[in-house]
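In case you want the letters, here they are:
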Amino acid sequence: MAVSARWLLAIFCLALALRLGVCVGRGTLGVSPQARYREYVTAGQRLLEHGTIISPLIIEDVDRRPSAMMPPAYVGLVAAIYGVLGVESFAATLALQVINALATSLVVVFTYWLGAALAGPRGGFLSAVIAAINPTLIGYTDFIWDTSLFALSVSITVWMAMRIGDPPLSSLGKGGGGRWFGFGLWLGALALLNPALTPAYPFLVLLPMVRRGAWHWPRAGRQLVLVFAGWAIAIVPWTARNYAHFGEFVYIRSGFPVQLWLGVCPEADPGGADAFKAQFPLNNEDVQQHVAAIGERAFIQECAARSREAISQNRWRFVKLCFVRAVDYWAGTTFSHAARGSGSGSPRGQRAVTTGFLLAETALVIGSLVYLRRAGPDLGWLLAAMAAFSIVYCLTHVQLRFRAPVEPMMAVVVATLLCRVTSARQGRARVSAVS
């Protein structure tokens, strides 16, 4: 085994130990969540019992009305494991947590490959180390949520985008067209896990087309058609299901108006956690009873109407809230201005560590770009993809775990920029020595 492969295996094992170790330290290994973040637990159990995804916002589940609040892929995984190992059993919860741990540990491997492609072996190992110790890729291992698998899927997506642009894979000949169609299928499958990356799809699709001077309109047009066709075919069954139930087209999940209301409701000014405490059905008994009385669809429509009214009444407030959330997203300061007692999904100490880590990453990126005065085409597209991903959260609300999906890209960007800064400084030092 090559030395580099041994080191990569060691970093992977370190990452896996950190993730499972956090669960052991918290006493949550194999323990199903009892209070917070139970949406996937509820949806998986109801899918297993009733054969369809039913609203996780209604605790009593009186009428069993179908729901499009949750993307189907992870709900299906939870239901499948519950079906084999028992609903909320120790074995089932442990299996889901181990899957989470393996997923974010595998992120280490893909970030190594990406970093090595952009900045050589040193960039690859630095990317892997950053991903291995990243708090947002460690701290949510015990959650029964799609966060960990989504982060892995994003890293695979970026790796595919980088690889498909390498000759001869960018060609439509010799099976190249199938690769672009397959990339589209993958993007559709990723949306069924979590559609939040969709705003970044244009950048991730165009990235391989412009790498190595591969852009050519006739060929690029065919490639775009193939990607779009694969994506559309992947999401058609779920879209058809939603249309049959609700009489309208829904892109994967229908909960955006609820999220938008959480971002513009009166409690949004102190902080997102306060809005959840006051307005989210699973955190407020009065709201829960209201949703149970009128139904999920009516509640979503009500949130849409309230959001439009709140924004129209004070557009400047909405702009200010979006700016604050953008700062929170990239600095990790989500709970720094929340009202006392608003709570969060992670312990106070972990929040502080995570905030420091995320803030350091962002500062390193900004500082490196100022020093280098350019990002380069590859990093420019990755930065654009990350910025596009963050838009939905800047419009609605921000939690620390929302950074996890883009952290594989962030690790690669940070490592690559640091390597380029080091090389630039060494080059300038040599020039100074000669002169």
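Throughout this description, residue numbers start from 1 for each chain and increase along the sequence as written. Only residues with pLDDT of at least 70 get local features here, since the model is predicted, and only at 80 or more are side-chain atom pairs given and counted; chain-wide, interface and lining totals rely on the full set of residues. For the side-chain quantities, the full set of heavy atoms in the structure was used; hydrogens and water were omitted.

### Quick look at unusual backbone geometry
Working step 1: Even without being glycine, glutamate 88 reaches a positive phi, approximately 55°.
Working step 2: With respect to the helices and strands, glutamate 88 occurs in the loop between helix H3 (72–85) and helix H4 (90–133).
Working step 3: Phi is positive for arginine 373, which is not a glycine, with a value near 65°.
Working step 4: By the element assignment, arginine 373 lies in the loop between helix H14 (348–372) and helix H15 (377–395).
Working step 5: Judged by its relative accessible area of 77%, arginine 373 is exposed. What counts as a helix is a DSSP run of H or I of at least four residues, what counts as a strand is a run of E of at least two, and both are numbered from the N terminus. Buried, partly exposed and exposed residues are distinguished by accessible area as a fraction of the type maximum, computed with a 1.4 Å probe on protein chains only: under 20%, between the cut-offs, and over 50%, respectively.

### Examining H15
Working step 1: To estimate the expected span of a helix, subtract one from its residue number and multiply by 1.5 Å. Across its 19 residues, H15 extends 28 Å between first and last C-alpha, which sits within 8% of the 27 Å expected from 1.5 Å per residue.
Working step 2: Of all bends in H15, the biggest is about 25°, found at phenylalanine 389.
Working step 3: Restricting attention to buried positions, one finds in H15 the residues Asp378, Leu379, Leu382, Ala385, Met386, Ala388, Phe389, Ser390, Tyr393 and Cys394. Here the bend at each residue means the angle between axes fitted to two seven-residue stretches, the one ending at that residue and the one beginning there.

### Here's the deal with the confidence of the model for the chain
Working step 1: Residue-level confidence of the predictor, termed pLDDT, takes values from 0 up to 100. Taken over all residues, the pLDDT of the chain has a mean of 87, while the share at 70 or more is 88%.
Working step 2: Considering only residues more than four positions removed or in separate chains, one finds that residues 168–175, a stretch of pLDDT under 50, has 18 contacts.
Working step 3: Whether two residues are in contact is decided by their heavy atoms, any of which lying within 4.5 Å being enough. Below pLDDT 50 for its whole length, residues 339–344 participates in ten contacts with residues either more than four positions away or in separate chains.

### Observations concerning the pattern of salt bridges
Working step 1: Between Lys or Arg on one side and Asp or Glu on the other, a salt bridge is scored when a side-chain nitrogen of the former is within 4 Å of a carboxyl oxygen of the latter. One pass over the structure, following the stated rule, counts seven salt bridges.
Working step 2: Notably, a salt bridge pairs aspartate 142 with arginine 26, separated by 3.0 Å at the nearest N-O pair. With aspartate 142 in the loop between H4 and helix H5 (147–164) and arginine 26 in helix H1 (residues 3–26), the pair connects residues that are 116 residues apart, well separated along the chain.
Working step 3: On the basis of relative accessible area, arginine 26 is assigned to the partly exposed category, the value being 29%.
Working step 4: Sharing partners across several salt bridges, the network here consists of Glu361, Arg403 and Glu407.

### Observations concerning the packing of aromatic side chains
Working step 1: A pair of Phe, Tyr and Trp rings is counted when the ring centres sit within 6.5 Å of each other, with Trp represented by its six-membered ring. The angle between the planes then sorts it: under 30 degrees is stacked, over 60 is edge-to-face, the rest tilted. Applying the stated criterion across every chain yields a total of 19 aromatic pairs.
Working step 2: Here tyrosine 329 and tryptophan 330 contribute two aromatic rings whose centre-to-centre distance is 4.9 Å and whose plane-to-plane angle is 80°, an arrangement assigned as edge-to-face.
Working step 3: By relative accessible area, which is 1% here, tyrosine 329 ends up buried.
Working step 4: In this structure an aromatic cluster arises from ring pairing among Tyr37, Tyr40, Tyr74, Tyr140, Phe143 and Trp145.
Working step 5: A positively charged side chain is recorded as over a ring if its NZ (Lys) or CZ (Arg) lies within 6 Å of the ring centre. The angle to the ring normal must also be within 35 degrees. Here the basic side chain of arginine 297 rests over the ring of phenylalanine 246, its NZ or CZ set 4.8 Å away from the ring centre.

### Observations concerning the environment of serine 67
Working step 1: Structurally, serine 67 can be placed in the loop between helix H2 (39–50) and H3.
Working step 2: For the pair serine 67 and glycine 255, spaced 188 residues apart in sequence, the C-alpha separation works out to 9.7 Å.

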